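Coordinate analysis (summary)
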Amino acid sequence: MTDVRVRIAPSPTGAPHVGTAYIALFNLVFAKVNQGKFILRIEDTDQTRSRKVYETAVLDALKWVGLSWDEGPDVGGKYGPYRQSERTEIYRKYAEQLVEEGKAYRCFCTPEMLEQLRKDQKPIKTNNIYRDADEKTIQDKLEKNEPYTIRLKVPEEGECVISDRFREEVRYNYSEVDDQIILKSDGFPTYHLANVVDDHLMKISHVIRGEEWLTSTPKHVLLYEYLGWEKPEFIHMPLLKNPDGSKLSKRKNPTSIFYYREAGFLPEALLNYLSLMGYSRPNGEEKFSLEEMIVDFDINRVSLGGSVFDLQKLSWLSGKYIREDLTPQQLAKKLVAWRINEEFIAQLMPLVSERMDTLGDFMPLASFFWSRDVEYTSETVLPKKKEAKETAELLQVLLFAFEEQEEWLADQISISIRAIAQIHEWKIREITHPLFVAISGKKVAPPLFDSMEYLGKDICRVRIVKAMETLGGVSKKRLQKLDSLWKKSMKGQFEEQVLEIQKPSD
RNA sequence: GGCCCCGUCGUCUAGUCUGGUCUAGGACACAAGGUUUUCAACCUUGCAACACGGGUUCAAAUCCCGUCGGGGUCACCA
């Protein structure tokens, strides 16, 4: 057997996701048990969404849970660079090669045209307008410098047979696969091209990834065949799910790894819990370390139905680690390293000093900074003259607004809140009231915006969601409605309003 | 909706490949009891599942077919 080389390929477009740690874990363990190598590659080909801060964040988050890699952008390796934005020339070369060989073609459709096609609900095989365009029109457009993408020529008939470790053979008809864009008009590759090229160049032997990729595997298989490369073995892992059974999402569950860090879960417990998702040890043990898992890991023991991420069981496991594995001294050290330290407390002084008469007043004032959860009733969250339902919905809109913020700083939080208040014609106080309670559990608390900043975005999101639920929640239907409303109009208004507020007043 | 994947207690799972040892085992949660100055932890007990229907077979959670249910995916996002 060839050397085992596997990889995790996160894209730095948001907070580091527990799903990334989950897939990384299984890749790492698979590599270790086969004396192979585990590679980390940054897939930052989406120029509009990728951010350097998120890249640092994924690396930090994965390290925090206790994962490490043999090759990656931070540790190097002989197959680098390990950041796709630094490899664009390579992808372009292969894309051009495919065009020359007639296995791909230039497409001059504009995003608007494609959008229209989608609206007309004729998505499959109708966007290949330029597939057989004659040389002259293409040359013509090239000379006019019209932007183009490169599309893969997917056969019009035939079958693609994928061998997946867990599912044996999965069959797809090429007639149902679009001519996929592999190179965008900005010159960057899409996932499909970059992924296949890198996996080949980096000698990846097994592609262990989430099941959401299963349906796009035919495109990847085709790419390997067109390029004349040997295919890796595909292993599609089951998905992590929300309690309602849908794919794990931050609206319904904390998905950011940092949430678990900020909320004080032990990283070894998180990793251990993640390994329980779809995997069981032969001896039935539930509490085990990464090292123990590696000893007798067998990927064939993975079970397929996606698993619901259960915070309660994770908490129990974390508690088990605290009780069984730590001496009082070690626990105390963990607490200090977490956020019971001078640095964190000093930060809070400006917020509380005026509200203190004695030192003993501090803890009651600030206790919510160290609590996993805060307690209150629905009456205390609800502002005067407002209905529970509208308040819950406003909080949801606020959550949308917070997602637009790239940095979680008091100033920006304040601006977002003021903008939302403006748009919905609520008094600031009517918004901050439920927020105070949601965040601190109390009506009177240290300054809200700073508190929210120090508490972190992930904790705040979870607390706001809880407040919404306390108010009776927002129905699934209504949520969808709000979501589309937000995208269609409110988001624009919000952005305008933000600019308005930021305008220097003279 | 098309295509694809999946289907054991509320949840995570063992068992399925290699039918019998499964009146389906463990864990979380929940309930009761014990222990404890209280609570938590801990211990004991309880609750609770083979999605449904049809085959094959002496025998099906396990093999086959159908139905239903859930999920994923259909972007110049990954």
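The structure under discussion appears in the preceding block.
Residues numbered from 1 in each chain as written. Chains lettered and ligands numbered in written order. Predicted model: local features only at pLDDT ≥ 70, side-chain atom pairs only at ≥ 80, totals over all residues. Heavy atoms only, no water.

Around RNA strand B lies a shell of 48 residues, among which Lys184, Ser185, Gly278, Glu286 and Ser307 are the nearest. The sugar-phosphate backbone supplies 82% of the atoms of RNA strand B found within 4 Å of the protein. The separation between a sugar or linking oxygen of RNA strand B and a polar side-chain atom of Asp46 is 3.0 Å. Within the contact set of RNA strand B, a sugar or linking oxygen lies 3.1 Å away from a side-chain nitrogen or oxygen of Glu211. For the surface near RNA strand B, the elements supplying multiple residues, two or more each, are α4 (111–119), β6 (168–173), β11 (307–308) and α11 (311–325). It is α11 that provides the largest number of residues to the surface near RNA strand B, a total of 4 residues. When grouped by side-chain class, the residues that make up the surface near RNA strand B number 16 nonpolar, 16 polar and 16 charged. (Near = heavy atom within 4 Å. Polar contact = N/O pair within 3.5 Å; in protein donor to acceptor, adjacent residues only side chain to side chain. Helix = DSSP H or I, 4+ residues; strand = E, 2+ residues; numbered from the N terminus. Nonpolar A, V, L, I, M, F, W, Y, C, P; charged D, E, K, R; others polar.)

At their nearest, the axes of helix α9 (residues 267–276) and α11 sit 9 Å apart, and the two run at 135° to each other. As the angle between them shows, α9 and α11 are arranged oblique. Every pair of crossing elements has a handedness; the one defined by α9 and α11 is right-handed. Contacts from Glu268, Ala269, Leu270, Asn272, Tyr273 and Leu276 in α9 reach Lys313, Leu314, Leu317, Ser318 and Tyr321 in α11. Its residues assigned to classes, the contact of α9 with α11 comprises 7 nonpolar, 2 polar and 2 charged. (Axes fitted to C-alpha atoms, helices over the stretch in contact; angles between N-to-C directions. Parallel < 35°, antiparallel > 145°, perpendicular 65-115°, else oblique. Left-handed = near helix turned anticlockwise from the far one by under 90°. Contact = heavy atoms within 4.5 Å.)

Taken together, the side chains of Lys384, Lys385, Lys427, Arg429 and Lys443 present a region of like positive charge at the surface. Looking at where Lys384 falls in the secondary structure, it is placed in the loop between α15 (378–381) and α16 (388–404). (Patch = residues over 30% accessible without salt bridge, like charges linked within 9 Å, V, L, I, M, F, W, Y side chains within 5 Å. Areas by Shrake-Rupley, 256 points an atom, 1.4 Å probe, with all protein chains shown as cover. Salt bridge = Lys/Arg side-chain N within 4 Å of Asp/Glu carboxyl O. Lys, Arg positive; Asp, Glu negative; His and termini not counted. Charge placed at Lys NZ, Arg CZ, Asp CG, Glu CD.)

For the rest of this paragraph, the subject is the sheet that holds strand β3 (residues 104–107). Here 3 strands make up an open sheet; going across it, the order is β3-β4-β7 and the pairing antiparallel. Because the sheet does not close on itself, it has two edges, and the strands there are β3 and β7 (181–183). Each adjacent strand pair in this sheet contributes to an overall mean axis angle of 45°, direction not counted. In the sheet, β3 pairs with strand β4 (residues 149–152) via 4 bridges, with the strands oriented antiparallel. Across the sheet, residue Cys107 finds its bridge partner in β4, namely Thr149. (Pairing = 2+ DSSP bridges.)

A word on unusual backbone geometry. Backbone geometry at Gln35 places phi at a positive 50°, although glycine is not the residue there. Considering the arrangement of structural elements, one finds Gln35 in the loop between α1 (18–33) and β2 (37–40). Exposure remark for Gln35: the relative accessible area of 72% places this residue in the exposed category. Despite not being glycine, Lys385 shows a phi value in the positive range, around 65°. With respect to the element layout, Lys385 can be found in the loop between α15 and α16. We classify Lys385 as exposed; its relative accessible area is 77%. (Buried < 20%, exposed > 50% of the residue type's maximum accessible area, 1.4 Å probe, protein only.)

This brings us to the packing of aromatic side chains. Taken as a whole and judged by the stated rule, the model has 19 aromatic pairs. Consider the rings of Phe369 and Trp370, whose centres lie 6.2 Å apart with planes at 70°: the pair is edge-to-face. Comparing Phe369 with Trp370 shows no difference in burial state: the two are buried. Among the aromatic residues, those joined into a cluster by ring pairs are Tyr259, Tyr260, Phe265, Tyr273 and Phe309. If you follow Lys93 out to its NZ or CZ, it ends over the ring of Tyr94, 4.7 Å from the centre. Geometry around Phe288 places Arg281 over its ring, the cationic atom sitting 5.3 Å from the centre. (Phe/Tyr/Trp six-rings, centres within 6.5 Å; stacked < 30°, edge-to-face > 60°. Lys NZ or Arg CZ within 6 Å of the ring centre and 35° of its normal.)

Applying the stated criterion across every chain, the model contains 41 salt bridges. One salt bridge connects Arg167 with Glu211, and the closest N-O pair in it is separated by 3.7 Å. Of this pair, Arg167 sits in the loop between β5 (159–164) and β6 while Glu211 is found in the loop between β8 (206–210) and α7 (217–227), placing the two residues 44 residues apart along the sequence. As a salt-bridge pair, Arg171 and Glu169 come within 2.9 Å of each other at their nearest N and O atoms. Residue Arg171 is classed as partly exposed on the basis of its relative accessible area of 45%. What you see here is one network of salt bridges that share partners, running through Arg7, Arg41, Glu43, Arg87, Asp198 and Asp199.

Moving on to the state of the cysteines. Across all of its chains, the model carries 0 disulfides by this definition. Cys109 provides the cysteine sulfur closest to Cys107, a residue in no disulfide bond, and the two sulfurs are 3.5 Å apart. Judged by relative accessible area, Cys109 falls into the buried class, the value being 8%. (Disulfide = S-S within 2.5 Å.)

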